[in-house]
Amino acid sequence: MISEDLQDSAALYVLGSLDVSEAAAFEASLQGNPELHTLVTELRGAAGALALAAPAHRPPASLKQKVLRDIASEKTEGLTNTKTDRHGSSVSWGWAIAALFLLFSGFLFYDRIQLRREIAQVRSFDPLMQANMVTLAPANGAPAEAKATVAWESDRQTGVIKITGLPAAHAGKDYQLWVVDADHKDPVSAGLLHIDANGVAQVRFKPIAQAQHVKAFAISLERAGGVPKAEGPILLVGSTTG
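Everything numeric here is computed off the predicted structure, so don't read it as measured data.

Trainee: Help me get a handle on the overall build of the protein chain, residues and values and all.
Mentor: Scanning the protein chain for helices and strands turns up six helices and 10 strands. A total of 242 residues make up the protein chain; the buried ones form 36% of that total. Sequence-distant contacts, at least 24 apart, represent 62% of the contacts inside the protein chain between residues at least 6 apart. About 14,400 Å² of surface is accessible on the protein chain, with carbon and sulfur atoms providing 56% of the total.

This is the structure in structure tokens:
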């Protein structure tokens, strides 16, 4: 059975909180002690996922002293609260405290790194997270509650429009999205918009022609199937310049 002192030292060893002489003494204890070697391996394995996800971070200098104070206090008060694992070995509160600090210090960095990775991953699939945002407001008698937001990614010539508060088009009619671009005399069609019964739509679109200098986006009500040039009333419009 591994003594409590060696269990405590093993936890501090994995934390990197032993000084040079203490680490050397502990490594000497590892020689010829398979059970202690297994404990160190298990401690490292438990922290492996964090180590892979977070940058190297040495625990604060005060950590070692705090852990040792907790251990000394535990022994002074005679608290022998221990837990037996499935192999029958005793795990001291000192080891548990050290392991807890190991996980806590790792999670602080893991959360930050994980968040950055998730954002980067989402952006790799959806570059529109970096898009220019344009808000379209009601015009020409459109419902006052109607609104739309366009996320436009010029480099990829694609975007997403989200619409709320706009009633579904009547039979024989369709809503059509237009891109007003400085290089084109007429607005460029970006396709039809099908609004559901709740007045909501979210559509990914792509203009039928290159639009490198977009000045505005607009939604009109057109004949069913759409038109090559806008004919019907403009119901929602928004400028890229605000």
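Trainee: Can you explain the sheet that holds strand S9 (residues 214-223)? Please cite residues and give values.
Mentor: Strand order in the open sheet formed by eight strands is S7-S6-S9-S10-S3-S4-S5-S8, with antiparallel pairing between adjacent strands. Every other strand in the sheet has two partners, leaving strand S7 (188-193) and strand S8 (201-205) as the edge strands with one partner each. Adjacent strand axes in the sheet meet at a mean angle of 20 degrees, parallel and antiparallel pairs treated alike. Sheet analysis places strand S5 (residues 158-164) next to S8, joined by five bridges and oriented antiparallel. Paired with Ile 161 across the two strands is Val 203, which belongs to S8.

Trainee: Break down the pattern of salt bridges for me, citing the residues and quoting the values.
Mentor: Summed over all chains, the structure comprises two salt bridges. Between Asp 186 and Lys 229 there is a salt bridge, and its shortest N-O distance comes to 3.3 Å. One end of the pair, Asp 186, is in the loop between strand S6 (173-181) and S7; the other, Lys 229, is in the loop between S9 and strand S10 (234-239), with 43 residues separating them in the sequence. Between Glu 231 and Arg 223 there is a salt bridge, with its nearest N and O atoms 3.0 Å apart.

Trainee: For unusual backbone geometry, give the residues involved together with the corresponding values.
Mentor: The phi dihedral of Asn 140 is positive, around 50 degrees, even though this residue is not glycine. Within the fold, Asn 140 resides in the loop between strand S3 (132-138) and strand S4 (147-153). In the Ramachandran plot, Gln 157 falls in the positive-phi region, its phi being about 55 degrees despite a non-glycine side chain.

Trainee: Mind laying out the pairing of S5, listing which residues take part and the relevant values?
Mentor: Of all seven residues in S5, five are buried, a share of seventy percent or more. Across seven bridges, the pairing between S4 and S5 is antiparallel. Across the sheet, residue Lys 147 finds its bridge partner in S5, namely Thr 164. Connecting S4 to the next strand, S5, in antiparallel fashion are four residues, including Gln 157 with a positive phi near 55 degrees.

Trainee: How would you explain the nonpolar core if you had to name every residue and give the values?
Mentor: In a soluble, globular protein the nonpolar side chains are often hidden away together inside. Counting 25 residues, the largest nonpolar core has Leu 136, Val 150, Ile 161, Ile 163, Phe 205, Phe 217 and Ile 219 as the members making the most contacts within it. Breaking this core down by element, the ones donating at least two residues are S3, S4, S5, S6, S7, S8, S9 and S10. Residues contacting Phe 205, with those up to four places away along its chain left out, are Val 150, Trp 152, Thr 158, Gly 159, Val 160, Ile 161, Leu 177, Ala 190 and Phe 217. Core analysis: the second largest hydrophobic core is formed by 14 residues, Ala 10, Val 14, Leu 36 and Val 40 among them.

Trainee: Could you give an account of the environment of Pro 187, with specific residues and numbers?
Mentor: Counting through the fold element by element, Pro 187 comes out in the loop between S6 and S7. Residue Pro 187 is classed as partly exposed on the basis of its relative accessible area, which comes to 34%. Residues Pro 187 and Leu 177, 10 residues apart in the sequence, show an inter-C-alpha distance of 9.4 Å. Setting aside residues no more than four positions away along its own chain, Pro 187 makes contact with Trp 178, Val 179 and Val 180.

Trainee: Tell me about the confidence of the model for the protein chain, residues and numbers included.
Mentor: Predicted coordinates in regions of low pLDDT should not be interpreted in detail. For the protein chain, the average pLDDT comes to 76, and 63% of its residues sit at 70 or higher. Below a pLDDT of 50 lies the segment residues 49-56, which in the model reaches 14 contacts outside its immediate sequence neighbourhood of four places, other chains included. Counted against residues more than four places away or in other chains, residues 82-93, with its pLDDT under 50, gives 16 contacts.

Trainee: How would you explain the packing of aromatic side chains if you had to name every residue and give the values?
Mentor: Tallied over the full model, the rule gives three aromatic pairs. For the ring pair Trp 152 and Phe 205, a centre distance of 6.0 Å and an interplane angle of 5 degrees mean the geometry is stacked. Placement of the pair is Trp 152 in strand S4 and Phe 205 in strand S8, with a sequence separation of 53 residues. Like Trp 152, the residue Phe 205 is buried in the burial classification. On the numbers, 5.8 Å between centres and 65 degrees between planes, the contact of Trp 152 with Phe 217 is edge-to-face. Of this pair, Trp 152 sits in strand S4 while Phe 217 sits in strand S9, and the two are 65 residues apart along the sequence. Given a relative accessible area of 4%, Trp 152 falls into the buried group. Here the aromatic residues Trp 152, Phe 205 and Phe 217 are joined through ring pairs into a cluster of three or more.

About the thresholds
Residues numbered from 1 in each chain as written. Predicted model: local features only at pLDDT ≥ 70, side-chain atom pairs only at ≥ 80, totals over all residues. Heavy atoms only, no water. Helix = DSSP H or I, 4+ residues; strand = E, 2+ residues; numbered from the N terminus. Buried < 20%, exposed > 50% of the residue type's maximum accessible area, 1.4 Å probe, protein only. Contact = heavy atoms within 4.5 Å. Areas by Shrake-Rupley, 256 points an atom, 1.4 Å probe, with all protein chains shown as cover. Pairing = 2+ DSSP bridges. Axes fitted to C-alpha atoms, helices over the stretch in contact; angles between N-to-C directions. Salt bridge = Lys/Arg side-chain N within 4 Å of Asp/Glu carboxyl O. Core = buried A, V, L, I, M, F, W, Y, C linked by side-chain atoms within 4.5 Å. pLDDT = per-residue confidence, 0-100. Phe/Tyr/Trp six-rings, centres within 6.5 Å; stacked < 30°, edge-to-face > 60°.

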